[in-house]
Amino acid sequence: MSQRARTRPEGSEQALSEAYDTALLDLDGVVYAGGNAIAHAVESLATAREGGMHLAYVTNNALRTPDAVAEHLTELGIPTGAEDVITSAQAVARLISEQVPAGARVLVIGGEGLRVALRERGLEPVESADDDPAAVVQGFGGPDLPWGRFAEASYAVARGVPWFASNTDLTIPSGRGIAPGNGAAVEVVRIATGAEPQVAGKPLPPMHRETILRTGAERPLVVGDRLDTDIEGAFNGEVDSLLVLTGVTDGAQLLAAPPQHRPTYVDADLRGMLTGQPEVTEAGEGFRCGGWTARAGRERLELDGDGEALDGLRALCAAAWTAAGEGVCELDAGKALARLGL
């Protein structure tokens, strides 16, 4: 089934770690949360790697360098080299390098991850709009990024200097809750200048291209927890995806997902990489998965049967996505999801 025509999660007789050669894994909400490993992540990734699957870690966070990310993962019990980490800083640095002369100066509004990525591409990071930059790049700079850095970006962009952003995620999770992300910082410069940046990170094609160039993946599987970055990025790259429910996406958001946000597979956590995936089949006017049958009624999604909650969710996805394709929208799924404990 094509990405653009998806009306139900797909099944797989093979374990996903065998069906795909490379897992392109998001980090926060998938591998760890608040800096600590998510349940089952360490063991699942070890088993997938031992079975021959290449593991690559793909993050929109441009603050940390690949070395720092790899060190953190290794400390969690997931042996990782810097070459296995792909960041939006690397993607945006390549994008800039293709549009400015070799050795050009680039005004950096962000952290060390951006500076390292720019130097990797032979570009010179600078700190002021008065340093005659050929481009401005903006990436997440952490909570201590001074307000004056936005002014430097605004001065340069207003003079016509090309503006780039590593990503535009409006929020970023932290140990204390949800904090403003790079997208919020980009909005500050956008408001001040009226300009629009070129963006590299997920879900846009430059990030997917960077992951393929660096990993050499031939049959990649994107693994993520966010519909609007991880899953949409897989959609844009025309590759398959696995949504895990250990992060920000809940059952209601999944059922309401537009076509570009519908994952190929759905599972509870990274153990889903190690198994096959059950098939969702048509059953009369509804859809069946495991012991559950779901259908779209006049006002709500209806669920009958019993069994694993995830099977019920997969059946509900098929009913909801098919109904949306037929112009039936905003069906109440609350009762069905409550029955599944989701």
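To start, this report covers the structure provided alongside it. (Residues numbered from 1 in each chain as written. Predicted model: local features only at pLDDT ≥ 70, side-chain atom pairs only at ≥ 80, totals over all residues. Heavy atoms only, no water.)

Section: the sheet that holds strand β14 (residues 240-244)
Test applied: Here, any two strands with at least 2 DSSP bridges between them count as paired. The numbering of helices and of strands both runs from the N terminus, where a helix is a DSSP run of H or I of at least 4 residues and a strand a run of E of at least 2. Axis lines are fitted through C-alpha atoms, for helices just across the contact stretch, and the angle between N-to-C directions can take any value from 0 to 180 degrees.
Sheet architecture is open: six strands sit in the order β5-β4-β1-β13-β14-β15, paired in parallel fashion. The open sheet terminates on both sides in strands that have one partner only, identified here as β5 (85-87) and β15 (265-267). The mean inter-strand angle of the sheet, taken between neighbouring strand axes irrespective of direction, is 25°. Sheet analysis places strand β1 (residues 22-25) next to strand β4 (residues 54-59), joined by four bridges and oriented parallel. From the neighbouring strand, Ala-23 faces β4, where its bridge partner is Leu-55.

Comments concerning the packing of helix α4 (residues 88-97) against helix α8 (residues 205-215)
This is how the line gets drawn: Orientation is classified from the angle alone, with under 35 degrees giving roughly parallel, over 145 giving roughly antiparallel, 65 to 115 giving roughly perpendicular, and any other angle giving oblique. Residue contacts follow a heavy-atom distance rule, with two residues in contact if any of their heavy atoms lie within 4.5 Å. In this classification, the charged set is Asp, Glu, Lys and Arg, the nonpolar set is Ala, Val, Leu, Ile, Met, Phe, Trp, Tyr, Cys and Pro, and all remaining amino acids, among them Gly, are polar.
Two numbers describe how α4 lies on α8: the axes approach to 9 Å, and their chain directions differ by 100°. The angle between the axes of α4 and α8 places the two elements in the roughly perpendicular class. The residues of α8 that touch α4, namely those facing Ser-88, Gln-90, Ala-91, Arg-94 and Leu-95, are Pro-206, Met-207, Arg-209, Glu-210, Leu-213 and Arg-214. Looking at the contact of α4 with α8, its residues break down into five nonpolar, two polar and four charged.

Examining the sheet that holds strand β18 (residues 292-296)
Spatial ordering of the open sheet is given by β16-β17-β18-β19, a layout of four strands whose pairing is antiparallel. Edge positions in the open sheet fall to β16 (281-283) and β19 (301-305), since each of these has one partner strand only. Strand after strand, the sheet turns through a mean of 30° between neighbouring axes, direction not considered. Two strands pair when backbone bridges link them, and β18 and β19 are joined in this way by five bridges, in the antiparallel orientation. Paired with Thr-293 across the strands is Asp-304, a residue of β19. Seen against the sheet, helix α11 (residues 309-325) touches β17 (286-289), β18 and β19 and runs at an angle of roughly 20° to β18.

Focus on the layout of surface pockets
Rule in force here: A 1.4 Å probe that fits into a set of points on a 1 Å grid over the protein atoms alone but cannot get out defines a cavity; an open set with protein on both sides within 12 Å along at least five of seven lines defines a pocket, and lining residues are those with an atom within 4 Å of a point. Grid points are joined across faces, edges and corners, and a volume is the space filled by probe spheres set on the points.
Within this model, the largest pocket holds a volume of roughly 560 Å³. In terms of lining, the largest pocket is formed by 31 residues, of which the most central are Asp-28, Thr-59, Asn-61, Ile-172 and Pro-173. Of all the secondary structure elements, the ones that give two or more residues to the lining of the largest pocket are α3 (66-75), β10 (171-174) and α9 (227-237). Here the lining of the largest pocket takes four residues from β10, the largest share from any one element. Classifying every residue of the lining of the largest pocket gives eight nonpolar, 15 polar and eight charged. Lining of the second largest pocket is provided by 17 residues; of these, Phe-140, Gly-141, Gly-142, Pro-143 and Pro-180 occupy positions nearest its centre. For the lining of the second largest pocket, the elements supplying multiple residues, two or more each, are β10, β11 (177-180) and α7 (182-193). Per-class residue counts for the lining of the second largest pocket are 11 nonpolar, six polar and no charged.

Fair warning: the whole summary comes from geometry, so function is off the table for now.
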